[in-house]
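# Structure at a glance
Below, each chain spelled out in residue letters.
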Amino acid sequence: MIKVYKLKLILKILVLVIIILITTLILQNKFNIHKTITVFSKSKTEYKILVDVEDSKLYLFENNELVKTYKCSGGKWSTPSPIGTWTIISKAKWGEGFRTEVGYGLNVPWGQFGIHGTLDKYSVGWSSSHGCIRMNNNEVAELYKIVPIGTKVTIIDGVYGEFGKGLRTLKSGMYGSDVMQIQKKLKKLGHFTGEPNGKFGSETEKAVQKYCKENALYVRKIIDIELQKHMGFELID
């Protein structure tokens, strides 16, 4: 009887140990699953910036939700801001050249454009810049702490897409998204041999002259509104 009792006791202890081990494994497994789910459920924060030059507003979006609106300034009619969607490629202290401590650089092909501050607070809120997006220094410093390199920045200025507020007469030395669209058109027609870059230079002049000759038009070096309409750039309200 004593041997049987001891055997039963040993078996009970073994069963108890097995139950404890199984329970521990189950709990660990649940914890690991929970941990895995937690890790994979954390989505990366994505920022986007929309600049409306016409309204002089910069909108910051976090995961497609508007979180902040800033007052800003874009380019004048003669020195427009780069219309389109760009990427922030640099984030640095630019110094006194831009009259600000911090700023962003954009990957615009026709020049150096970015978002930076200004000491002249009266220049913010209307189209006053040479193409860059100006902000008050304290606000661009706030943005600098939040938005990383690689963030997409969309700049709009008017209702006509790449042509902004409307067609403008273009000549050598000018630049912009409208110049780039015309270069793309001339390249498609075989007159512009380079890579469209939004800069109106000698190569663009030659392409315009070729287009005029081919279409029996008055040969010119500028791209006036009449010529743009002939190319098919008719803006509709």
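Everything quoted here is computed from the prediction, not taken from an experiment. (Residues numbered from 1 in each chain as written. Predicted model: local features only at pLDDT ≥ 70, side-chain atom pairs only at ≥ 80, totals over all residues. Heavy atoms only, no water.)

## Things to note about the confidence of the model for the protein chain
As a reminder, the rule being used: pLDDT gives the predictor's per-residue confidence on a scale running from 0 to 100. Any two residues whose heavy atoms approach within 4.5 Å are treated as being in contact.
Scored by pLDDT, the protein chain has a mean of 85; 78% of the residues are at 70 or more. Counted against residues more than four places away or in other chains, residues 1-5, with its pLDDT under 50, gives zero contacts. Note on residues 30-42: pLDDT is under 50 here. Beyond four places in sequence and across chains, it has zero contacts.

## Re the nonpolar core
Note the threshold: Joining through side-chain atoms within 4.5 Å is the link that ties buried Ala, Val, Leu, Ile, Met, Phe, Trp, Tyr and Cys residues into a set, and such a set is a nonpolar core. A simple rule labels every residue: compare its accessible area, found with a 1.4 Å probe on the protein chains alone, to the largest value its type can have, and call it buried under 20%, exposed over 50%, or partly exposed in between. A run of H or I in DSSP becomes a helix once it reaches four residues, and a run of E becomes a strand once it reaches two; helices and strands are each numbered from the N terminus.
Counting residues in each nonpolar core, the largest one holds 26 residues, and the members touching the most others are I49, V51, L58, I115 and L143. Broken down by secondary-structure element, the contributors of at least two residues to this core are β1 (47-52), β2 (57-62), β4 (84-92), β5 (103-106), β7 (133-136), α2 (137-146) and β8 (152-156). For this core, the element with the most residues is β1, which contributes three residues. Counting residues in each nonpolar core, the second largest holds 18 residues, with L186, Y211, C212 and M231 among its members.

## With respect to the pairing of β1
Cut-off, in case you're wondering: Should DSSP find at least two bridges between two strands, the strands are regarded as paired.
Relative to β2, β1 runs antiparallel, the two being bridged by six bridges. From the neighbouring strand, Y47 faces β2, where its bridge partner is E62. Where β1 and β8 come together, five bridges link them in parallel fashion. Bridge pairing in β8 places D52 opposite I156.

## A look at helix α4 (residues 202-214)
Heads up, the condition is: Helix span, as expected, comes to 1.5 Å for every residue beyond the first. Think of the arc as the fan of directions from the helix axis to the C-beta atoms.
A rise of 1.5 Å per residue sets the reference length of α4, with its 13 residues, at 18 Å; its end C-alpha atoms lie 18 Å apart and thus fit the reference within 8%. Taken together, the buried positions of α4 are T204, E205, A207, V208, Y211 and C212. Take α4 and look down its axis: the buried residues cluster within an arc of 165°, on one side only. Structural note: α4 exposes K206, K213 and E214 on the side pointing more than 90 degrees away from its buried face. At the C-terminal side of α4, A216 shows a positive phi close to 55°.

## Some words on the side chain of T151
Here is the rule we go by: Polar contacts, as used here, are pairs of N or O atoms within 3.5 Å; protein pairs need one atom able to donate a hydrogen and one able to accept it. Residues neighboring in sequence count only if both atoms are side-chain atoms.
Tracing the backbone through its elements, the reader meets T151 in the loop between α2 and β8. In this structure the side chain of T151 is engaged in a polar contact, spanning 2.8 Å, whose partner is the backbone oxygen of P148. Those residues within four positions of T151 in sequence are excluded, and the remaining contacts are Y47, K48, I49, W86, T87 and I88.

## Remarks on the packing of aromatic side chains
To keep it simple, the criterion reads: Planes of paired rings set the category: under 30 degrees apart is stacked, over 60 is edge-to-face and the rest tilted, where pairs are Phe, Tyr or Trp rings (Trp by its six-membered ring) whose centres lie within 6.5 Å. In this scheme, Lys NZ or Arg CZ marks a charge over a ring once it lies within 6 Å of the ring centre and within 35 degrees of the ring normal.
Within this structure, the stated rule accounts for four aromatic pairs. Ring geometry for F163 versus F233: centroids 5.2 Å apart, planes at 45°, classification tilted. Of the two residues, F163 sits in the loop between β8 and α3 (177-188) while F233 sits in the segment after α5 (225-230), which places them 70 residues apart along the sequence. By the burial criterion, F163 is buried, and F233 matches it. Here the basic side chain of K91 rests over the ring of Y144, its NZ or CZ set 4.8 Å away from the ring centre.

## Overview of the side chain of T79
In this structure, T79 sits in the loop between β3 (65-71) and β4. Among the polar contacts listed, one links the side chain of T79 to the backbone oxygen of S129, at a separation of 3.1 Å. With sequence-adjacent residues up to four places away left out, T79 is seen in contact with S129, H130, G131 and Y175.

## Things to note about the environment of N137
Its place among the elements puts N137 in helix α2. Between the alpha carbons of N137 and D120 there is a distance of 9.4 Å; along the sequence they are 17 residues apart. A polar contact of 3.1 Å, which involves the side chain of N137, links it to the backbone nitrogen of T118.

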